[in-house]
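Read off the chains here:
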Amino acid sequence: MKLPVLAAALFALGLTQAQAQSCEGNFSVVGTPMLTGLTYKTWDIVPKRAPARVLKDLGASVSAEGFADMRIDNATSSVLAIQETSGSGRPQTLRITARKSGSGTRVDAVFVVQQGQVAPEAYVRDALCRVISGAQG
């Protein structure tokens with residue numbers, strides 16, 4: 001009888017720890033450098049803030065990171081921006097969404113670089129997490 005209760009408690013603890021994982025811990029990269037495009041992703045929860053308020057602050061954070069042609073799309077609750085730093089004329093794209101999650105807002109950030117381009121993983125992770133933390137209020 002005690003074993004199922006212990007297993008359930010350990011399972012619940014694992015869920016709590018996964019949900020509490022930081023922006024840095026949620027970071028991942030998909031793709032092969034130089035051979036395919038790279039997609040850098042992360043997410044975090046902004047507690048006790050509505051998506052509309054978070055979205056406005058995300059726009060300011062994206063601008064502070066030096067992205068151009070930024071658009072806030074209220075219909076899709078997203079921020080879209082580009083960055084062209086290589087001189088190739090091939091921009092990297094950023095899309096950040098803010099969605100209601102419990103009593104807060106889940107923010108997902110996706111940064112895509114095209115085939116033949118690379119971006120330092122640690123720098124991208126830190127920049128995306130800075131943008132998301134700018135929405136903490």
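Up top is the structure these notes are about.
Peer 1: I tried to follow the state of the cysteines on my own but got confused; where do I start?
Peer 2: By definition, a disulfide links two cysteine residues through a covalent bond between their sulfur atoms. All chains considered together, the criterion is met by one disulfide. Shown here is the disulfide that connects C23 with C129, its sulfur atoms set 2.1 Å apart. Around the S-S axis, the bridge from C23 to C129 shows a dihedral of about -95° and counts as left-handed. Taken together, the positions of C23 in the loop between α1 (2-19) and β1 (28-30) and C129 in helix α3 (residues 121-133) put the pair 106 residues apart, joining distant regions of the chain.

Peer 1: Looking at this structure, how should I read the packing of helix α2 (residues 51-64) against α3?
Peer 2: Helix-helix packing is described using two parameters, namely the angle between the two axes and the distance between the axes. Two elements in contact, α2 and α3, have axes separated by 8 Å at closest approach and are oriented at 145°. At the point where α2 passes α3, the crossing takes the right-handed sense. Where α2 approaches α3, its residues L58, S61 and V62 are matched on the opposing element by R130, V131 and I132. A class-by-class count of the residues in the contact of α2 with α3 yields four nonpolar, one polar and one charged.

Peer 1: For this particular structure, what's the right way to read the side chain of D44?
Peer 2: Here D44 lies in strand β2 (residues 38-46). Buried charge D44 goes without a salt bridge, the closest partner of opposite sign being R106 at 8.8 Å. Side-chain polar atoms of D44 contact the backbone nitrogen of C23, separated by 3.5 Å.

So, how was this worked out
Residues numbered from 1 in each chain as written. Predicted model: local features only at pLDDT ≥ 70, side-chain atom pairs only at ≥ 80, totals over all residues. Heavy atoms only, no water. Disulfide = S-S within 2.5 Å. Helix = DSSP H or I, 4+ residues; strand = E, 2+ residues; numbered from the N terminus. Axes fitted to C-alpha atoms, helices over the stretch in contact; angles between N-to-C directions. Left-handed = near helix turned anticlockwise from the far one by under 90°. Contact = heavy atoms within 4.5 Å. Nonpolar A, V, L, I, M, F, W, Y, C, P; charged D, E, K, R; others polar. Buried < 20%, exposed > 50% of the residue type's maximum accessible area, 1.4 Å probe, protein only. Lys, Arg positive; Asp, Glu negative; His and termini not counted. Salt bridge = Lys/Arg side-chain N within 4 Å of Asp/Glu carboxyl O. Polar contact = N/O pair within 3.5 Å; in protein donor to acceptor, adjacent residues only side chain to side chain.

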